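Structural features, examined
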Amino acid sequence: MSKPPTRRTRRTSSSTPSKRRLLPAFLLAMVLPAMVVLTVYVLYLDHLVQQKFEGKRWAIPSRVYARALELYPQAPLSSESLESELKLIGYQRSSDGIAPGSYYRTGNTFVISSRAFTHWDGEEPARSLRLTIDQNRVTSLTNKRNGKSLTLARLQPMEIGSIYPAQKEDRILVKLSDLPPELISALQAVEDRNFQEHYGVDVTGIARAAWSNIRAGHVVQGGSTLTQQLVKNFYLNNERTLWRKVNEALMALLLEYHYSKSDILEAYANEIYLGQDGARAIHGFGLAAQFYFNKPVQELTLPESAMLVAILRGPTYYDPRRSPKRALERRNQIIDTLLADGLIKQEKALPAKQASLGVIPKPVRGTGLHPAFIDLVKRQLQKDYQEEDLRSEGLRIFTTLDPIAQRTAEQALVRWTEKLEQSRKLKANLLQGSVVISRVGSGEVSAVVGGRDVRFDGFNRALDIRRPIGSLVKPALYLTALMQPQTYTLTTLLNDEPLQLKQPGNDKVWAPENYDRISHGAVPLIDALAHSYNLAAVNLGMALGVNQVIRTLRTLGIEATIPAYPSVLLGAVDLSPLEMAQMYQTLADQGFYTQLRAVREVLTQDGKPLQHFAMDTEQRLSVPHVYLINYALREALRSGTGANVAQRIPADIELGGKTGTTNDLRDSWFAGFGSEYVGVVWMGSDDNKVTGLTGASGALQVWADIMTRINLSRGEQPLPVDIEMVRIDRTTGLRADNGCNDSARLLPFINDTAPNEDALCARSAVEDTLNNLLDNVKGWFE
């Protein structure tokens, strides 16, 4: 018997209200936690927005400036150097020199409209200057507007580089009030029409953009507000996800809730990405104005403002240097938009559209302009500052770099390395070199060249290559002797004869030789130095004592440890060009030691003094003693080992120095000074191969090229009070007179140290004079 089917129990109507009562409770249980989570998340975003916006918004690179060119009556300056400097700091030549940052030149007269600049020691106002140069001197300096004479005017310094944050972002912070009104109008008209009305997210703008994109069939317009763009760039990333867009919208609303439109617009103007300069990212209108037009943002014209807004849409796509036609079309579209919106008038729009792009060639900035000098700046600053501070605190670093001296040194090194490789048939790029130039009287480093690739930011030969210095050591040796004036003078005869010396610690014998393999017998001290006779130097050095010579090297500023071996007397000690510059700086400064420095002052981002690197000078040597050795170094350049360039040196420029050549002709050195600058040049190969260059055939050529261009002061150095000039017979080293015309020369002596005995030619002249006098007397009585 089959079982009857089970009947389904009918639900009573009383169960439905029970379920309905559970649904709201269920929904509430789901929504409340979600609301709590959302609230907490919004509060987190709110904290994030406020913390970064009110804190340190950007890591600002430190900016490094060259020395400012000072203009004053009688300042040594050539017209060519002044015009070169004006071009280097970005001034444009014009027909009248009236616009800020422009100049006009007719012959040797200049009209310059300088820009205001806050220097390390105060504000320099914008000026309209008129100046005239004659015979490499500023002969007049006046205010063009009122004709009044000026005692001093300073041009803005050239920015030579920056020390960047890790992400390589660069920007010049500007205030909203710095931006031209037309730039702000163009920005809002193109990027966010409703910026002043919305609260961070513009629903109408999104709808309008969507409709435009649908009609066009592709994306032609974005719906993000300026606030959203700021949030994306400042807080988020470029990731294309729905979650990022939600965050962007929420954070935009929060940003608008807490801050004014002006605050947001100013932050946007400093944050926005506007191009790339190698590894350096160009951010903000302030830097973009410099990068594209080489002018402050305040001076931007209507077409230039429109160009920057045009670049916003795609800095690579609308790059005016790479795609000028495309950039011009986009710029003119923006000008048309301004006209259509009634923001400019037709008479202003037409010439703006007809204007050229006006974009300057891509500037070299960062450490790429003068990387070897920036390297020295960093090393000196790292004694007092953390690396992170240099990269992020926006410090303003005022240095001692002289743009004209730096460019002259770079050009000379490049020109001569190429020329010498060709003329001597050396392997291409075998020859390297470095240069250090410093200022006489101050110890300020004016130029540093680290290699023939002057833009290479790497191994810095001026600071880091250490090679035997050869005969560059000899001025210290001969100065040691001249510091004993009762025993040694410039005319003291030295023994240039062979000798053999046992090496300390082994049985090897050292037998030095002269470069020409000839011994020259008894040689006056001044000639032994001028012709760089090795045998005379070693014989003298052994008589003085090697330790005494090393002590003089330390007095001149050499701090490296030097072993007391006889070979040191011929420069068998490895030193860098910078160390040699320190030694010759002390000689050029008449025995006053001043530590070489590349930094003058460091200011905070807002212009407050942070550190002043004062000149600290110490007299270490007697002025008369140093005068004698310097006179001998001038003689070495005129008639000694430097004679092959003497004809290139104007007769009224006082230059002196010493060649240095090492074994097998591996290293070529020259170090010396003029009235204004000290210069050291090293040439050789990185792998220490033979170059075949002596100091005279290599480094001296570079040195003379540089020093004859930058030392503009003319005339002889004044004679110290303790020095007298005496005519001396070249052959005997005794006093000469009119009868010794062919063999006499004028030499300096410390008072009461000149020879008392007359040379034979002088005695003969006296006898002839007496005989003539006696003959005349006899004639009177006859």
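Residues numbered from 1 in each chain as written. Predicted model: local features only at pLDDT ≥ 70, side-chain atom pairs only at ≥ 80, totals over all residues. Heavy atoms only, no water.

**Observations concerning the overall build of the protein**
Rules: The helix count covers DSSP runs of H or I at least four residues long, the strand count covers runs of E at least two residues long, and both are numbered beginning at the N terminus. Note that the radius of gyration is over C-alpha atoms, with the globule rule given as 2.2 Å times the number of residues to the power 0.38. Surface accessibility in these figures is a Shrake-Rupley result with a 1.4 Å probe; residues are shielded only by whichever protein chains are displayed. Within this scheme the basic residues Lys and Arg register as positive and the acidic residues Asp and Glu register as negative, but His and the chain ends are omitted. Where a charge sits is defined by one atom per residue type, namely NZ (Lys), CZ (Arg), CG (Asp) or CD (Glu).
When its secondary structure is counted, the protein shows 23 helices and 32 strands. Computed over the C-alpha atoms, the radius of gyration of the protein is 38 Å, more than 25% above the 28 Å expected from 2.2 N^0.38 for a compact globule of 782 residues. Accessible area of the protein: about 37300 Å², with a carbon and sulfur share of 52%. Each charge class in the protein was averaged separately, 90 positive and 84 negative side chains, and the resulting centres sit 14 Å apart.

**Digging into the environment of Met 251**
Selection rule: The buried label applies to any residue whose accessible area, calculated with a 1.4 Å probe on protein chains only, is under 20% of its type's maximum; exposed applies above 50%, and partly exposed to all values in between. Contacts between residues were defined by any pair of non-hydrogen atoms, one from each residue, lying within 4.5 Å.
Among the secondary structure elements, Met 251 is positioned in helix H6 (residues 242–258). By relative accessible area, which is 0% here, Met 251 ends up buried. It is 6.8 Å that separates the C-alpha atoms of Met 251 and Val 49, two residues lying 202 residues apart in sequence. Once residues lying within four places of it in the same chain are set aside, the contact partners of Met 251 are Leu 45, Leu 48, Val 49, Val 231, Tyr 235 and Leu 236.

**Overview of the pattern of salt bridges**
Inclusion rule: Salt bridge, as used here, is a side-chain nitrogen of Lys or Arg placed within 4 Å of a carboxyl oxygen of Asp or Glu.
Enumeration over the complete set of coordinates arrives at 42 salt bridges. The residue Glu 579 makes a salt bridge to Arg 466 at a minimum N-O spacing of 2.9 Å. Taken together, the residues span a long stretch of sequence, with Glu 579 in helix H20 (residues 577–588) and Arg 466 in the loop between helix H15 (461–464) and strand S18 (467–468) at a distance of 113 residues. For Glu 618, the salt bridge identified is with Arg 620, shortest N-O distance 3.4 Å. For Arg 620, a relative accessible area of 30% corresponds to the partly exposed category. Each of Arg 63, Glu 159, Asp 170, Asp 277, Arg 280 and Lys 362 takes part in one network of salt bridges that share partners.

**Concerning the sheet that holds strand S26 (residues 609–612)**
What counts is decided by this rule: Pairing between strands is defined by DSSP: at least two bridges between the two strands are required. For helices, the fitted line uses only the C-alpha atoms of the stretch in contact; every axis is such a line through C-alpha atoms, and the angle between N-to-C directions lies from 0 to 180 degrees.
Sheet architecture is open: five strands sit in the order S11-S1-S15-S25-S26, paired in mixed fashion. Edge positions in the sheet fall to strand S11 (159–163) and S26, since each of these pairs with one other strand and no more. Along the sheet, successive strands turn relative to each other by an average axial angle of 20 degrees, direction set aside. When strand S1 (residues 62–65) meets strand S15 (residues 396–399), the two strands line up parallel, connected through three bridges. Each residue of the ladder has a partner; that of Val 64, found in S15, is Ile 397.

**Focus: the sheet that holds strand S9 (residues 137–143)**
Strands belonging to one sheet form pairs held by backbone hydrogen bonds; the direction of such a pair is parallel or antiparallel. Read from one edge to the other, the open sheet built from five strands follows the order S3-S4-S5-S8-S9, with strand pairing classed as mixed. Two strands bound the open sheet, and with one partner strand each, they are strand S3 (92–93) and S9. Examined bridge by bridge, strand S4 (residues 102–106) and strand S5 (residues 109–113) share five bridges and lie antiparallel to one another. Looking at S5, one finds that Thr 106 is bridged to Thr 109.

**Remarks on helix H21 (residues 623–639)**
This is how the line gets drawn: Here the expected length of a helix is defined as 1.5 Å per residue gap, with one fewer gap than residues.
For H21, spanning 17 residues, the distance from its first C-alpha to its last is 24 Å, which sits close to the expected 24 Å at 1.5 Å a residue. Within H21, 14 of the 17 residues are buried, which leaves it mostly tucked inside the rest of the structure.

**Some points on the confidence of the model for the protein**
Stated formally: The quantity called pLDDT is the predictor's confidence in a given residue, expressed from 0 to 100.
In this model, the protein carries an average pLDDT of 89, and 90% of its residues clear a pLDDT of 70 or more. Scored below 50 in pLDDT, residues 5–13 shows zero contacts in the model against residues more than four places distant or in partner chains.

**Here's the deal with the environment of Pro 371**
The residue Pro 371 is located in helix H12 (residues 371–381) in this model. The buried category is assigned to Pro 371, whose relative accessible area is 3%. Here Pro 371 is in contact with Val 454, Arg 455, Phe 456 and Asp 457, once residues within four sequence places are set aside.

**Remarks on the packing of helix H8 (residues 284–293) against helix H9 (residues 302–312)**
Note the threshold: Relative orientations are named as follows: roughly parallel for angles under 35 degrees, roughly antiparallel for angles over 145 degrees, roughly perpendicular for angles from 65 to 115 degrees, and oblique for any other angle. Residue classes follow a fixed rule: Ala, Val, Leu, Ile, Met, Phe, Trp, Tyr, Cys and Pro count as nonpolar, while Asp, Glu, Lys and Arg count as charged, and any other residue, Gly among them, counts as polar.
The geometry of H8 relative to H9 is characterised by a closest axis approach of 11 Å and an angle of 110 degrees between their N-to-C directions. When the axes of H8 and H9 are compared, the pair comes out roughly perpendicular. From H8, Phe 285, Ala 288, Ala 289, Tyr 292 and Phe 293 reach across to H9, where they touch Glu 304, Met 307, Leu 308, Ile 311 and Leu 312. Within the contact of H8 with H9, the residues separate by chemical class into nine nonpolar, no polar and one charged.

**Digging into the packing of helix H5 (residues 226–234) against H6**
To keep it simple, the criterion reads: Here a crossing is taken to be left-handed if its near helix is turned anticlockwise relative to the far helix by less than a right angle, and right-handed if that turn runs clockwise.
H6 packs onto H5 with a crossing angle of 115 degrees between their chain directions and a minimal axis gap of 9 Å. Taken together, the axis directions place H5 and H6 in an arrangement best described as roughly perpendicular. Judged by the twist between their axes, the crossing of H5 over H6 is right-handed. Of the residues in H6, those in contact with Thr 227, Gln 228, Leu 230, Val 231 and Lys 232 of H5 are Arg 244, Glu 248, Ala 249, Met 251, Ala 252, Leu 255 and Glu 256. Of the residues belonging to the contact of H5 with H6, the class tally is six nonpolar, two polar and four charged.

**Points about helix H18 (residues 534–544)**
Judged by how many residues are buried, H18 sits mostly within the fold: eight of 11 residues are covered. What H18 keeps buried is the set Asn 534, Leu 535, Ala 536, Ala 537, Val 538, Leu 540, Gly 541 and Leu 544. Along its buried surface, H18 packs onto helix H16 (474–482), strand S19 (493–496), strand S20 (501–502), strand S21 (509–510), helix H17 (525–530) and helix H19 (546–556). Phi for Gly 545, located one or two positions after H18, is positive at around 105 degrees.

**Some remarks on the packing of aromatic side chains**
To describe a pair of aromatic rings, you give the distance between the ring centres and the angle between the ring planes. Our working definition: Note on aromatic contacts: the rings of Phe and Tyr and the six-membered ring of Trp form a pair at centre separations within 6.5 Å, being stacked when their planes are under 30 degrees apart, edge-to-face when over 60 apart, and tilted otherwise. Here, over-ring charges are defined by two tests on the NZ atom of lysine or the CZ atom of arginine: distance to the ring centre within 6 Å, and angle to the ring normal within 35 degrees.
Applying the stated rule across the entire model yields 10 aromatic pairs. Plain terms: the ring middles of Phe 670 and Trp 703 are 4.6 Å apart, the flat faces sit at 55 degrees to each other, and that makes the pair tilted. On the criterion of sequence distance, the pair formed by Phe 670 in strand S29 (residues 668–673) and Trp 703 in helix H22 (residues 699–710) is long-range, its members being 33 residues apart. Trp 703 shares its class with Phe 670; the two are buried. In textbook terms, an aromatic cluster arises when at least three aromatic residues are bridged by ring pairs, as seen for Phe 53, Trp 58, Phe 234, Tyr 235 and Tyr 259. Looking at Arg 321, its charged tip hangs above the ring of Phe 291, at a distance of 4.5 Å from the centre. Positioned above the aromatic ring of Tyr 318 is the side chain of Arg 330, whose terminal nitrogen or guanidinium carbon lies 5.9 Å from the ring centre.

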